[in-house]
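Coordinate analysis (summary)
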Amino acid sequence: MDIQNPHDHFFKEVFSLKENVIAFVKKFLPDDIVQHLLIDSILLDSNSYIDEKLKEYFSDVVYDCQYKGNTNTTIKLSLLFEHKSYVPDNVHLQLLRYMLNIWSQNIKQNKPIQVVLPIIVYHGKEKWEVKPFKKYFDGADEALFRFIPNFDYILNDLTEYNFEELKGKLEGDKKLKVALLLLQQIFDEPLLKRLLSEILDVDKNLIENNVESGYFESVVLYIFATTNIEPVLVIDALSKKSPQGEKLIMSTYEKILEKGIEKGI
């Protein structure tokens, strides 16, 4: 992991796993959308549609998914991570630019333009208020609204849940639960310390089956790269579940120390 951009990198690690995205879609997207998605058809789009101007605000992981409506079509599920952890000004302008990037790519490839579902994942400290784009235009009335683009986005603000609510919502999806609970608590280090054992409450097989894949290495590295939590606390939380847990933590900690030294940190 690039320890200079740990939040961004961790988000991409988590949502590049199809099983995490399927679990997320089922539990966090509106029912009227989910019921039309052929979820097993979800396929990772290896492209990013974030340009230089958008890099300041978002990173993305994008999936194609078949949508069964009046006619079958394929839509884009764009998971957008607000990585500076504050509410951006005029988010509709940024999202419009983002969707135009996708549509331009569709046209270049001689494909029909696709419906894009912008799905924002947010874990910052400011309150995010969702309001229609037209509300940003002072003095505009019904006669002018037809000249203003009208589109929605799906906001998933992890801070809107308390810890137990989010934990309960994610029960049964262990990998995603660990990731989203970490993202939710990452800016409150004292509370994160107290909750660490609950967050990392996973079974032995899950740890051992995912050591080689690097998933739990990303989890541990994210903790070390964004907090001052002592390795012994992470060891206590994971080694009780599996002997592999302690080995994973120590090897990960050594890696981040090496990277820190290389970068002069």
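First, a word on scope: everything that follows refers to the structure included in this document. Note that residues are indexed from 1 along each chain, following the sequence as it is written. Given that the model is predicted, a residue must reach a pLDDT of at least 70 before its local features are reported, and side-chain atom pairs must reach 80 or more before they are shown or counted; all residues, however, enter totals for whole chains, interfaces and linings. Hydrogens are left out, water is left out, and the side-chain values use all remaining heavy atoms of the structure.

Digging into the nonpolar core
Applied cut-off: Grouping buried Ala, Val, Leu, Ile, Met, Phe, Trp, Tyr and Cys residues that are joined through side-chain atoms within 4.5 Å yields what is termed a nonpolar core. For each residue, the accessible area found with a 1.4 Å probe, counting protein chains only, is set against the maximum for its type, and the residue is called buried under 20%, exposed over 50%, and partly exposed in between.
Counting 58 residues, the largest nonpolar core has Phe-15, Phe-24, Leu-29, Leu-180 and Leu-200 as its most contacted members. Judged by nonpolar contacts, the second largest core, of 20 residues, contains Tyr-49, Tyr-98, Ile-120 and Leu-155.

As for the packing of aromatic side chains
Quick reminder of the rule: Two aromatic rings from Phe, Tyr or Trp, using only the six-membered ring of Trp, form a pair when their centres are within 6.5 Å; if the ring planes differ by under 30 degrees the pair is stacked, by over 60 it is edge-to-face, and anything between is tilted. Two conditions define a charge sitting above a ring: the NZ of Lys or the CZ of Arg must be within 6 Å of the ring centre, and it must be within 35 degrees of the ring normal.
For the coordinates displayed, the defined rule picks out twelve aromatic pairs. On the basis of an interplanar angle of 85 degrees and a centroid distance of 5.2 Å, the ring pair of Phe-15 and Phe-24 is categorised as edge-to-face. With respect to burial, Phe-15 and Phe-24 carry one shared label: buried. An aromatic cluster is built from Phe-11, Phe-15, Phe-24, Phe-28, Phe-81 and Tyr-161, whose rings are joined through pairwise contacts. Here the guanidinium or amino end of Lys-131 rests over the ring plane of Tyr-136, the centre of that ring lying 4.6 Å away.

Overview of helix H8 (residues 189-199)
The α-helix advances 3.6 residues per turn, and as a result positions three or four apart in sequence lie on the same side. What counts here: Secondary structure follows DSSP: runs of H or I at least 4 residues long count as helices, runs of E at least 2 residues long count as strands, and numbering of each begins at the N terminus. Directions are taken from the helix axis to each C-beta atom, and the arc is the one they span. The contact criterion used throughout is that any non-hydrogen atoms of two residues lie within 4.5 Å.
Of the residues making up H8, those classed as buried are Leu-192, Leu-195, Leu-196 and Ile-199. Projection of H8 onto a plane perpendicular to its axis shows the buried side chains occupying an angular sector of 150 degrees, all on one side. Turned more than 90 degrees away from the buried face of H8 sit Pro-190 and Arg-194, all of them exposed. In this structure, the buried side of H8 is in contact with helix H6 (163-169), helix H7 (174-185), helix H10 (215-226) and helix H11 (231-239).

Re unusual backbone geometry
Despite not being glycine, Asn-90 shows a phi value in the positive range, around 50 degrees. Inspection of the secondary structure puts Asn-90 in the loop between strand S3 (72-82) and helix H4 (91-108). Classification of Asn-90 by relative accessible area gives partly exposed; the value is 34%.

Quick word on the environment of Val-21
Among the structural elements, Val-21 can be located in helix H2 (residues 18-28). Taking relative accessible area as the criterion, Val-21 reaches 1% and is therefore assigned buried. It is 8.7 Å that separates the C-alpha atoms of Val-21 and Ile-42, two residues lying 21 residues apart in sequence. When neighbours within four sequence positions are excluded, Val-21 is seen to be in contact with Phe-15, Ile-42, Tyr-63 and Leu-79.

A short note on the environment of Asp-64
What counts here: Polar contacts, as counted here, are pairs of nitrogen or oxygen atoms within 3.5 Å of one another; within protein the pair requires one atom able to donate a hydrogen and one able to accept it, and residues that are adjacent in sequence qualify only if both atoms are side-chain atoms.
Within the secondary structure, Asp-64 sits in strand S2 (residues 58-68). Setting aside chain neighbours within four positions, we find Asp-64 in contact with Ser-41, Ile-42, Leu-43, Asp-45, Thr-74, Ile-75, Lys-76 and Gln-114. Polar side-chain contacts of Asp-64 include one of 3.2 Å to the side chain of Gln-114.

Here's the deal with the packing of H8 against H11
The relative placement of two packed helices comes down to the angle between their axes together with the axis-to-axis distance. Put simply, the rule is: Lines fitted to C-alpha atoms define the axes, with helix axes restricted to the stretch in contact, and inter-axis angles between N-to-C directions lie between 0 and 180 degrees. Here the angle decides the label: under 35 degrees means roughly parallel, over 145 means roughly antiparallel, 65 to 115 means roughly perpendicular, and every other value means oblique. Whether a crossing is left-handed or right-handed is set by the direction in which the near helix is turned from the far one by less than a right angle, anticlockwise for left-handed and clockwise for right-handed. Residues were grouped as follows: Ala, Val, Leu, Ile, Met, Phe, Trp, Tyr, Cys and Pro as nonpolar; Asp, Glu, Lys and Arg as charged; and all remaining residues, including Gly, as polar.
Interhelical geometry of H8 versus H11 gives an angle of 20 degrees and a closest axis separation of 9 Å. Accordingly, the angle class assigned to the pair H8 and H11 is roughly parallel. In this structure, H8 meets H11 at a crossing whose hand is right-handed. Of the residues in H11, those touching H8 at Lys-193, Leu-196 and Ser-197 are Leu-233, Val-234 and Ala-237. In terms of residue class, the contact of H8 with H11 is built from four nonpolar, one polar and one charged.

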